[in-house]
Amino acid sequence: MAAAPPSTARRAIAWDLAVVGALAVGITILLLQRPPTLDYADEAYVLYEAKRLLQGEVLYRDVFEIITPLFLWLVTGLYAVFGVDIAVARGLAVALQVGAAAATYACCRCLDVRRSLAAVTAAAALTVCQPFWPIASPHWQSTLLVQTFLLTLLWARPRGWSLRWLVSGLVLGLLASTQHQTAAPFALLGAALSAFDVCPTVPAGGRGRAAARAAAALAVGT
């Protein structure tokens, strides 16, 4: 299929950015209007642990935790900049939901899903899932990173195709730094796809080397 003219492609990108912007505004307004939620899980101890880290305690020595530290470090950094306030957690929760919706929309568009249906899918995912866990949680950061990882796998291969696997590896590394148990199956998925990815475009004699380069790029990024 012939590539779209540059002007048509630019218009499509502009429309997609407009839809993502509208989703971001709508999600932000919706979530900020919801009443505060108090829950014993995730948010309760993660926010307290981040406060302790800000006060100088050391994670895994003074503060017990079973997951990798990226989300805790993120909350601690936000506390350092904006102060220890529940509004900081609420803002982070909104940002993660906006990012997840944008990644869902982008994945749909990479699969040539119609713009209207992609927007409905992104909004529906938020409407169905967020009310069951309406807090700032490393699970939501993992959700955003998983969707971003899938988006990198759907990303049309550029001429220097190893770059895509390097970016996929970077996202996978962030996922492993947030919740290591979530990253493991997606690392296997990425390794398998990096091997299959070269088959349609690389002659049979060079597929082994090409697959090794793709897997190496994925590993280096991670």
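First, a word on scope: everything that follows refers to the structure included in this document. (Residues numbered from 1 in each chain as written. Predicted model: local features only at pLDDT ≥ 70, side-chain atom pairs only at ≥ 80, totals over all residues. Heavy atoms only, no water.)

### So, the state of the cysteines
Put plainly, a disulfide is one covalent bond tying together the sulfur atoms of two cysteines. Which entries qualify depends on this criterion: The criterion for a disulfide is a pair of cysteine sulfur atoms lying within 2.5 Å.
Overall, the coordinates contain 0 disulfides when judged by the stated rule. Not part of a disulfide, cysteine 107 finds its nearest cysteine sulfur in cysteine 110, a span of 6.5 Å.

### A word on helix 2 (residues 43-54)
To keep things clear, this is the line we draw: Per the convention used, a helix needs a DSSP run of H or I reaching at least four residues, while a strand needs a run of E reaching at least two, with both numbered from the N terminus. Multiplying one less than the number of residues by 1.5 Å gives the expected span of a helix. Buried, partly exposed and exposed residues are distinguished by accessible area as a fraction of the type maximum, computed with a 1.4 Å probe on protein chains only: under 20%, between the cut-offs, and over 50%, respectively. In this analysis, two residues are considered to be in contact whenever any of their non-hydrogen atoms come within 4.5 Å of each other.
The terminal C-alpha atoms of helix 2, which comprises 12 residues, lie 16 Å apart, in line with the 16 Å expected from a rise of 1.5 Å per residue. Of the positions making up helix 2, those classed as buried are Glu43, Val46, Leu47, Glu49, Ala50, Arg52 and Leu53. Buried residues along helix 2 sit in contact with helix 3 (70-82), helix 4 (86-110) and helix 6 (138-154). Looking one or two places after helix 2, you find glycine 56, whose phi comes out positive at around 110°.

### A word on the pattern of salt bridges
Note the cut-off: Salt bridge, as applied in this entry: a Lys or Arg side-chain nitrogen positioned within 4 Å of an Asp or Glu carboxyl oxygen.
By the definition in use, this model includes 5 salt bridges. Here arginine 115 ties to aspartate 16 by a salt bridge, and the two come within 2.9 Å at their closest N and O atoms. Remark: aspartate 16 occurs in helix 1 (residues 6-33) and arginine 115 occurs in helix 5 (residues 115-129); sequence separation between them is 99 residues. The class for arginine 115 is partly exposed, based on a relative accessible area of 24%. Close ionic contact of arginine 52 with glutamate 57 constitutes a salt bridge, the shortest N to O distance being 2.8 Å. Since its relative accessible area comes to 28%, glutamate 57 is described here as partly exposed. Each of Asp16, Arg109 and Arg115 takes part in a single network of salt bridges with overlapping partners.

### Observations concerning the nonpolar core
Just so we agree on the cut-off: The criterion is simple. A nonpolar core is a set of buried Ala, Val, Leu, Ile, Met, Phe, Trp, Tyr and Cys residues joined through side-chain atoms within 4.5 Å.
Counting residues in each nonpolar core, the largest one holds 19 residues, and the members touching the most others are Phe71, Leu72, Val75, Tyr79, Leu92 and Leu96. Looking at this core, the elements that each hand over two or more residues are helix 2, helix 3, helix 4 and helix 6. With near-sequence residues (within four places) excluded, phenylalanine 71 lies in contact with Val46, Leu92, Leu96, Ala136, Ser137, Pro138, Gln141 and Thr178.

### Focus: the packing of helix 4 against helix 6
Quick note on the threshold: Only the contacting stretch of a helix is used when fitting its axis, a line to C-alpha atoms as for every element, and angles between N-to-C directions run 0 to 180 degrees. Roughly parallel means an angle under 35 degrees; roughly antiparallel, over 145; roughly perpendicular, 65 to 115; everything else is oblique. By the definition used in this description, the sense in which the near helix is turned from the far one sets the handedness, with an anticlockwise turn below a right angle giving left-handed and a clockwise turn giving right-handed.
Contact pair helix 4 / helix 6: the axes reach a minimum separation of 9 Å and the direction vectors enclose 20°. Regarding the angle of helix 4 to helix 6, the classification is roughly parallel. The way helix 4 lies across helix 6 gives a crossing that is left-handed. Residues Leu96, Gln97, Gly99, Ala100, Ala103, Thr104, Ala106, Cys107 and Cys110 of helix 4 pack against Trp140, Gln141, Leu144, Gln147, Thr148, Leu150, Leu151 and Leu154 of helix 6.

### Things to note about unusual backbone geometry
You will see that tyrosine 60, though not glycine, has its phi angle at about 75°, which is positive. With respect to the helices and strands, tyrosine 60 occurs in the loop between helix 2 and helix 3. For aspartate 112, which is not a glycine, the phi torsion comes out positive at approximately 65°. Look at aspartate 112 and you get exposed, because its relative accessible area is 68%.

### Concerning the environment of glutamine 147
On the secondary structure map, glutamine 147 appears in helix 6. Residues glutamine 147 and cysteine 107, spaced 40 residues apart in sequence, show a C-alpha to C-alpha distance of 7.8 Å. Once residues within four sequence positions are removed from consideration, glutamine 147 is found in contact with Ala100, Ala103, Thr104 and Cys107.

### Brief notes about the environment of tryptophan 133
Looking at the element boundaries, tryptophan 133 is found in the loop between helix 5 and helix 6. In the structure, tryptophan 133 is positioned 96 residues away from threonine 37 in sequence and 9.5 Å away in space, judged by C-alpha atoms.

### With respect to the packing of helix 3 against helix 4
A pair of packed helices can be characterised by two numbers: the angle between their axes and the separation between those axes. Rule in force here: Here the nonpolar group is Ala, Val, Leu, Ile, Met, Phe, Trp, Tyr, Cys and Pro; Asp, Glu, Lys and Arg are the charged ones; every other residue, Gly included, is treated as polar.
Contact pair helix 3 / helix 4: the axes reach a minimum separation of 10 Å and the direction vectors enclose 125°. Judged on the interaxial angle alone, helix 4 and helix 3 are oblique. In this structure, the crossing between helix 3 and helix 4 has a hand that is right-handed. Here Phe71, Leu74, Val75, Leu78, Tyr79 and Phe82 of helix 3 come into contact with helix 4, specifically with Val88, Leu92 and Leu96. A per-class count over the contact of helix 3 with helix 4 returns 9 nonpolar, no polar and no charged.

### Focus: helix 6
We apply this condition: The definition of a polar contact used here is a pair of N or O atoms within 3.5 Å, where within protein one atom must be able to donate a hydrogen and the other to accept one, and adjacent residues in sequence count solely through side-chain atom pairs.
Over its 17 residues, helix 6 extends 24 Å from the first C-alpha to the last, a length consistent with the 24 Å expected when each residue adds 1.5 Å. Within helix 6 the residues assigned to the buried category are Pro138, Trp140, Gln141, Ser142, Leu144, Leu145, Val146, Gln147, Phe149, Thr152 and Leu153. N-capping of helix 6 is provided by serine 137, with a side-chain oxygen placed 3.0 Å from the backbone N of histidine 139.

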